[in-house]
Amino acid sequence: MKNRWGAKALVTLVWCVCIGVLAIPAAAQLIDRSMSPNSLNEGINKSYAEQAGAGRGDALTPNSSAYVIGRDPFRAIRRGRQLFQRKFALAQGLGPRHLDGVGDINVELALGAGLSDSCAACHGRPRGGAGFGGDVVTRPDSRDAPHLYGLGLKEMLADEMTAELRAIRAAAVAEAAKSGQMVTRSLEAKGISFGSIKAAPDGAVDTTAVDGVDPDLRVRPFFAHGGTISIREFVIGALNNEMGMQAFDPDLRAAGAGATVTTAGGLVLDGSKDAVEFLEVTSATDDPDLDGRVNEVPESIVDFFEFYLLNYFKPAVYQQTPETAQGLKAFRKAGCTTCHVPDLTIDRDRRVADVETVYDPVRGGFNNLFSTATGLFHQVDDGSGQPALKVPNYGSFVVRNLFTDFKRHDLGPSFYERNYGGTTQTEFLTTPLWGVGSTGPYGHDGRSINLREVILRHGGEAQASRDAFDRLPKGKQAAIVAFLNSLVLFPPDDTASNLDAGDRAAAGYPQVAHGSIKLTVLFNDPNDRE
């Protein structure tokens, strides 16, 4: 049966199934209770070994990542979240930093990444979320760590856009071979133009007119310059570069060697078409950083990280007023939405749920935001005697208020970035604007102090839109800024929802009973806390 939960159904489930289970709040960066016991019993309930469980296994191996993701997906998401917030220890493989900080940073950019003990050290604001807040010197002028809200939606959109662009190329090559004539085709994916290609009868493709993407037509949605394909690569790279923890990952190694694999999050990586990033870790017993710890990040741990970020909540929309409506209208009229495209549609959504978060002063509780979770899965009884499989519906989904085109653009010298080797990065991905009201200072380098300044910093391909903004009356400029400020991030542990509505009248509010997006109620066994 398909599941599209309503608020009433979920609130009923909370009260009937596990009232009281969700009363304890969580926080950004979490201690491991098995390592750091405390009077409040705060922290992660499972040890790192318990989180790794029975390895990857399969859908018939209890407590393996394949089993938990397939049969208890909300536990899998929560486990990934706990791993993201976990403060790792030396005994678990933390450190040393990449090459212990010694090497040629011209080619080893990770030397500037530093050393953290938690993902939340760089992605920890708002609290408890996969947010922003870190800074690395992988370039001389530094880069800010972006928020990761909606990361899975970005991965899916970019992958589908890649498939559309490559299908156009394949059709052009086939037509040229059949006709014996040169064939020119426009490249368009999800309504966005990426220039054009020319295919010759001999199969050669002229990509000189391709715009905003590499000649291989792979849309890379991660990092400011558009450098990585998948969440899985992003996770494994960050664990190594920022924490000194290496993962042996058969998926990326196989894809890196040219094979086709499907990751735990359902992404198909085809190494014959794409260069897939992987670490030089040859087996689970390899110790490349020579710290005496092996299998520091088991593949099951990577699976939970990936599944968590695939399903991670998208940003919220705060109070909409006549001023914000005017601001959006002026934003469009100035031409900003040429690149900051508001909405894009995913054809095949791999998530198991969506969370919509909006301004609601009646139900919003602590921060006047309220989240509504909606299931995007159906249950399948495979006859194994195990809990039913919970399979994504794979339906279409409109991603609203994203504001990006996933293209690289030259925004002029004010955005240019120096590299240690003496070269200059001149093109950057269009930054998605969802969450922008919460993430100042601005720019990939954090050099712009407010939204007006970062808008006026634009040049190059955005010069006309920048000038149109600058010519607007101050009132309309303020309206645009007001609209952008309404695109916010939110702390999941402090945001009331149809999973945990909170209670303003409760003793101790708002330290307790402030409401939250509590996935525990959706576990197969809500009493077994993560």
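These figures come from a predicted structure and were not determined experimentally.

**A short note on unusual backbone geometry**
Cis geometry marks the peptide bond from glycine 95 to proline 96, where omega comes out at -5 degrees. Tracing the sequence through the fold places proline 96 in the loop between helix 4 (73-85) and strand 2 (123-125). The phi angle at asparagine 63 is positive, at roughly 65 degrees, despite the residue not being glycine. As for its placement among the helices and strands, asparagine 63 is situated in the loop between helix 2 (48-52) and helix 3 (65-71). Of note in the backbone geometry, lysine 190 takes a positive phi value of approximately 50 degrees without being a glycine. Along the polypeptide, lysine 190 turns up in the loop between strand 6 (183-189) and strand 7 (192-199).

**Things to note about the side chain of glutamate 155**
Along the polypeptide, glutamate 155 turns up in helix 5 (residues 151-179). You can call glutamate 155 buried: its relative accessible area is 1%. Within polar-contact distance, the side chain of glutamate 155 engages the backbone nitrogen of isoleucine 231 at 2.8 Å. Setting aside anything within four residues of it in sequence, one finds glutamate 155 in contact with Pro221, Phe222, Ile229, Ser230, Ile231, Leu267, Leu310 and Arg350.

**Let's talk about the sheet that holds strand 7**
Ordered by their spatial adjacency, three strands build an open sheet running 6-7-8, and the pairing between neighbours is antiparallel. The two strands at the open ends of the sheet, each matched to only one other strand, are strand 6 and strand 8 (205-206). One ladder, built from six bridges, connects strand 6 with strand 7; its direction is antiparallel. For threonine 184, the partnering residue across the bridge sits in strand 7 and is lysine 198. With respect to the sheet, helix 5 is in contact with strand 6, strand 7 and strand 8, its orientation differing from that of strand 6 by roughly 165 degrees.

**Description of the packing of helix 4 against helix 8 (residues 299-310)**
At their nearest, the axes of helix 4 and helix 8 sit 7 Å apart, and the two run at 105 degrees to each other. Between helix 4 and helix 8, the angle is such that the two are roughly perpendicular. Residues Pro73, Ala76, Ile77, Arg79, Gly80, Arg81, Leu83 and Phe84 of helix 4 lie in contact with helix 8, whose contacting residues are Ile301, Phe304, Phe305, Phe307, Tyr308 and Leu309. Of the residues belonging to the contact of helix 4 with helix 8, the class tally is eleven nonpolar, one polar and two charged.

**A closer look at the packing of aromatic side chains**
Tallied over the entire structure, the rule returns 13 aromatic pairs. With a centroid separation of 5.2 Å and an interplanar angle of 65 degrees, the aromatic rings of tyrosine 308 and tyrosine 312 are classed as edge-to-face. Neither tyrosine 308 nor tyrosine 312 differs from the other in exposure class; each is buried. For the ring pair phenylalanine 313 and phenylalanine 490, a centre distance of 6.3 Å and an interplane angle of 35 degrees mean the geometry is tilted. Separated by 177 residues along the polypeptide, phenylalanine 313 in the loop between helix 8 and strand 11 (316-317) and phenylalanine 490 in the segment after strand 22 (487-488) bring together distant segments of the chain. Judged by its relative accessible area of 0%, phenylalanine 490 is buried. These aromatic residues form a ring-pair network of at least three members: Phe84, Tyr149, Tyr308, Tyr312, Phe313 and Phe490. When the ring centre of phenylalanine 370 is taken as origin, the NZ or CZ atom of arginine 363, which lies over that ring, is 3.9 Å away. Over the ring of phenylalanine 194 we find lysine 407, and its NZ or CZ is 5.7 Å from the ring centre.

**What about the confidence of the model for the protein?**
Looking at the protein as a whole, the pLDDT averages 92, with 95% of positions reaching at least 70. A low-confidence stretch, residues 1-27 (pLDDT under 50), is modelled with 68 contacts involving residues beyond four sequence positions or located in other chains.

Basis of the calculations
- Residues numbered from 1 in each chain as written.
- Predicted model: local features only at pLDDT ≥ 70, side-chain atom pairs only at ≥ 80, totals over all residues.
- Heavy atoms only, no water.
- Helix = DSSP H or I, 4+ residues; strand = E, 2+ residues; numbered from the N terminus.
- Buried < 20%, exposed > 50% of the residue type's maximum accessible area, 1.4 Å probe, protein only.
- Polar contact = N/O pair within 3.5 Å; in protein donor to acceptor, adjacent residues only side chain to side chain.
- Contact = heavy atoms within 4.5 Å.
- Pairing = 2+ DSSP bridges.
- Axes fitted to C-alpha atoms, helices over the stretch in contact; angles between N-to-C directions.
- Parallel < 35°, antiparallel > 145°, perpendicular 65-115°, else oblique.
- Nonpolar A, V, L, I, M, F, W, Y, C, P; charged D, E, K, R; others polar.
- Phe/Tyr/Trp six-rings, centres within 6.5 Å; stacked < 30°, edge-to-face > 60°.
- Lys NZ or Arg CZ within 6 Å of the ring centre and 35° of its normal.
- pLDDT = per-residue confidence, 0-100.

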